[in-house]
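# Coordinates in review
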Amino acid sequence: MAAMKALRFIACTIAWIAAVVCATWTFGALYFDFPKAGAFAATLFVIALLAIVIFVRGKLPKLALVFGAFALVAAWWLTLKPSNDGVWQPDVTQTAWEEINGDEVTIHNVRNCDYRTETDFTPHWEARTVRLSQITGMDVAINYWGSPWIAHPIVSFQFADALPLCFSIETRKTIGQQYSTLEGFYRRYKMVRPLAAPMLQ
């Protein structure tokens, strides 16, 4: 009997921890990603959550409603799609695309900005032609900021007969938009795959 009670207690504790995690994620999804009225939608969710906890009888019905709300919001959240429409910041206005002709690849919209500081620069977009058979090496750089659990990898390809090209995946921010690590866990940012000349500062 004691063992069964202990198992039930452990199972109940795990279920409630999972419910809290799901409810927290749901709040964030509504707050950050719900169109136009995110704060209002998140507030309504908190009110509904409190009503469930206070007025619904029984642990299982309470858990079922919390997980049900999470499932509904997650199903909606997964339907959100990115868009190329936006007033983008100058260093992400263009997207790279390529033309392949056998061994030769022409890459359009290679970013090659003239940087004076991190935020003061003149954007330039170029077309580069390289040959895959002339790749001589590849360097991988990891850019950390803040937490060691969050990093930005950059791959640089070296060529025997052409300038290096760097490949990365970045957030595509609109004019005035700032990066937030917390918002980055949701669908707050579009992504872009820029190809760029190595940035020397």
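Residues numbered from 1 in each chain as written. Predicted model: local features only at pLDDT ≥ 70, side-chain atom pairs only at ≥ 80, totals over all residues. Heavy atoms only, no water.

Right, let's get into the overall build of the protein chain. Looking only at helices and strands, the protein chain features four helices and eleven strands. With the C-alpha coordinates aligned to their principal axes, the bounding extent of the protein chain is approximately 75 × 40 × 35 Å. A buried classification covers 27% of the 201 residues belonging to the protein chain. Counting only contacts in the protein chain whose residues sit at least 6 apart along the sequence, the fraction spanning at least 24 positions is 52%. When the accessible surface of the protein chain is totalled, it reaches about 13500 Å², and 66% of it is carbon and sulfur. A distance of 22 Å separates the average location of the 17 positive side-chain charges in the protein chain from that of its 15 negative side-chain charges. (Helix = DSSP H or I, 4+ residues; strand = E, 2+ residues; numbered from the N terminus. Buried < 20%, exposed > 50% of the residue type's maximum accessible area, 1.4 Å probe, protein only. Contact = heavy atoms within 4.5 Å. Areas by Shrake-Rupley, 256 points an atom, 1.4 Å probe, with all protein chains shown as cover. Lys, Arg positive; Asp, Glu negative; His and termini not counted. Charge placed at Lys NZ, Arg CZ, Asp CG, Glu CD.)

Two numbers describe how helix α1 (residues 2-33) lies on helix α2 (residues 38-55): the axes approach to 7 Å, and their chain directions differ by 155 degrees. Looking at the two axes, α1 sits roughly antiparallel to α2. Facing α1, whose interface residues are A23, T26, F27, L30 and Y31, α2 presents G38, A39, A41, A42, F45, V46 and L49. (Axes fitted to C-alpha atoms, helices over the stretch in contact; angles between N-to-C directions. Parallel < 35°, antiparallel > 145°, perpendicular 65-115°, else oblique.)

Turning to the packing of aromatic side chains, a few remarks are in order. Enumeration over the complete set of coordinates arrives at nine aromatic pairs. Ring geometry for Y115 versus F121: centroids 5.1 Å apart, planes at 40 degrees, classification tilted. Owing to a relative accessible area of 23%, Y115 belongs among the partly exposed residues under this scheme. A relative accessible area of 17% means that F121 is categorised as buried. Through successive ring pairs, a cluster of aromatic residues spans W25, F27, Y31, F32, F70, W77 and Y186. The ring of W77 is capped by R187, whose NZ or CZ atom sits 4.2 Å from the centre of that ring. (Phe/Tyr/Trp six-rings, centres within 6.5 Å; stacked < 30°, edge-to-face > 60°. Lys NZ or Arg CZ within 6 Å of the ring centre and 35° of its normal.)

For the protein chain, mean pLDDT is 89; residues scoring 70 or higher make up 97% of the total. Of all secondary-structure elements in the protein chain, the lowest mean pLDDT belongs to strand β11 (residues 195-196), at 66, while helix α3 (residues 59-77) reaches the highest, 94. (pLDDT = per-residue confidence, 0-100.)

Let's shift gears to α3. For α3, with 19 residues, the first-to-last C-alpha span of 27 Å sits near the 27 Å given by 1.5 Å per residue. When α3 is considered as a whole, its buried residues turn out to be K62, L63, V66, V73, A74 and W77. One face of α3 carries all of its buried residues, which in axial projection span an arc of 105 degrees. Exposed side of α3, more than 90 degrees from the buried face: L60 and L72 are the residues found there. In this fold, the buried residues of α3 make contact with α1 and α2. (Expected span 1.5 Å × (residues − 1). Arc of directions from axis to C-beta.)

Look at α2 against α3: their axes get within 9 Å of each other, and the N-to-C directions meet at 165 degrees. Here α2 lies roughly antiparallel to α3, going by the angle between them. The chirality of how α2 crosses α3 is right-handed. Facing α2, whose interface residues are F45, L49, I52 and V53, α3 presents K62, L65, V66 and A69. For the contact of α2 with α3, the class distribution of residues is seven nonpolar, no polar and one charged. (Left-handed = near helix turned anticlockwise from the far one by under 90°. Nonpolar A, V, L, I, M, F, W, Y, C, P; charged D, E, K, R; others polar.)

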